[in-house]
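Analysis of the macromolecular model
The chain contents come next:
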Amino acid sequence: MKLNNPPHVPFKQIDIWNNFSKRLLSSSKVELFLDYDGTITPIHKTPSEIILSSDTIHILQQLIQLPNVRVTILTGRSMKDIRKFIPFENIRLVANHGFHIYMDGNEWVHPDAESSFPKMHQLQDILLTALKSFSNVFVENKQFTLGIHYRNAAAKDTPIVKELTKKNISSFDPKLVITESKEVIEVQPPIKWGKGNAVSKILKVHPYPHNSLKIYIGDDITDEDAFQVLKSSGITIYVGEISETKAQYYVENVKEVLQILRMIIKLRTHNSSHRLIL
Ligand SMILES: [Mg+2]
């Protein structure tokens, strides 16, 4: 597969891993941004079945209890949906690709996204009618955005489903933004706002010291603008097979992400804060 320029570096490369350990020990604060599906939990055939393993829940619980470590989970899912999977209070949540943020007990919705709610509802009805003969296609209404999941559709139907979906969206409102993700077509209002803007907003609300360590891990096309935002000031890690990405490093799978999270716990836990264990 073609590599990007500069070439991706595997995060498990020993010098990268060692440097990461040192920064974990020396940074005053850690800001950890984690995408949900495909990053801390493997992608499943049905989105509603993607629950965290008890091991991952335990890791997140340990992370959010660490002093000076702040955790944000980002997703294209609705806030209602992500809350079911992440039932902790002292964690930040970014839902709907950045349009909806839960932080420090407060919720924020992008004002322009809020007004798209009735429109998305209308479009959902149109798509349900247009795609009714494809029983395995799921149209998910996430309030401000829609997700058309065709992962379970028959392979021969996939091109027709994609074409029908895009055609119906464009004729309903050509200004709506269509993004193709992993066997999902996402529909968003035409607002220049994404996960990267949400990351900037969160970091602005809580100004961070110069030597804080910002880490972003994600596997989606929608994570790319966040990689861009943190490119020069943080550590950005793409999850999955090497493809075009703006992230500096990559890991192969969720298992490797969890190894990174365990390393953060190990090195940021009070008793081990002066030891460098590699
Ligand atoms: Mg993802």
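Look above for the structure.
Just so it is clear, the model here is predicted, and its values are computed rather than measured. (Residues numbered from 1 in each chain as written. Predicted model: local features only at pLDDT ≥ 70, side-chain atom pairs only at ≥ 80, totals over all residues.)

A few words now on the overall build of the protein. Across its full length, the protein carries nine helices and 13 strands. Taking 2.2 N^0.38 as the reference for a compact globule, 278 residues should give roughly 19 Å; the C-alpha atoms of the protein span a radius of gyration of 19 Å, in line with that estimate. A principal-axis box enclosing the C-alpha atoms of the protein has dimensions of 60 × 40 × 35 Å. Here the analysis covers contacts within the protein between residues at least 6 apart in sequence; of these, 62% occur between residues at least 24 apart. (Helix = DSSP H or I, 4+ residues; strand = E, 2+ residues; numbered from the N terminus. Rg over C-alpha atoms; globule rule 2.2 N^0.38 Å. Contact = placed C-beta atoms within 7 Å.)

Let us now look at helix 7 (residues 195–205). Among the residues of helix 7, K195, G196, N197, A198, V199, I202 and L203 are the ones counted as buried. Buried positions along helix 7 lie against strand 2 (30–35), strand 3 (69–74), strand 4 (92–95), strand 5 (100–103), strand 11 (213–218) and helix 8 (224–230). (Buried ≥ 20, exposed ≤ 12 C-beta atoms within 10 Å, placed from the backbone.)

Closest axis-to-axis distance for the helix 1 (residues 14–26)/helix 9 (residues 254–268) pair is 9 Å, and the angle between their directions is 45°. Taken together, the axis directions place helix 1 and helix 9 in an arrangement best described as oblique. For the pair helix 1 and helix 9, the sense of crossing is right-handed. Facing helix 1, whose interface residues are S21, L24 and L25, helix 9 presents M263, I264, L267 and R268. Across the contact of helix 1 with helix 9, the residue classes tally to five nonpolar, one polar and one charged. (Axes fitted to C-alpha atoms, helices over the stretch in contact; angles between N-to-C directions. Parallel < 35°, antiparallel > 145°, perpendicular 65-115°, else oblique. Left-handed = near helix turned anticlockwise from the far one by under 90°. Nonpolar A, V, L, I, M, F, W, Y, C, P; charged D, E, K, R; others polar.)

Let us now look at the nonpolar core. Membership of the largest hydrophobic core comes to 49 residues, with the highest contact counts inside it found for L32, V199, I237 and I264. The dominant element in this core, judged by the number of residues it contributes, is helix 9, at six residues. Each residue touching L32, except ones within four places of it in the same chain, is listed here: L63, V69, R70, V71, T72, I215 and I264. Core analysis: the second largest hydrophobic core is formed by 13 residues, L127, V137, I148 and Y150 among them. (Core = buried A, V, L, I, M, F, W, Y, C linked by C-beta atoms within 7 Å.)

Pairing is mixed in the open sheet, where nine strands are placed in the order 1-13-12-11-2-3-4-5-6. Two strands close off the open sheet at either side, each with one partner strand: strand 1 (9–10) and strand 6 (106–109). Contacting strand 2, strand 3, strand 11, strand 12 (234–239) and strand 13 (249–251), helix 9 runs over the sheet at an angle of about 160° to strand 2. (Pairing = 2+ DSSP bridges.)

Packing of helix 5 (residues 117–130) against helix 6 (residues 158–172) brings their axes to within 10 Å, and their N-to-C directions diverge by 145°. In this structure, helix 5 crosses over helix 6, and the sense of that crossing is right-handed. Every residue of helix 6 that contacts helix 5 at L123, I126, L127 and A130 is listed here: L164, T165, N168, I169 and F172. When its residues are assigned to classes, the contact of helix 5 with helix 6 shows seven nonpolar, two polar and no charged.

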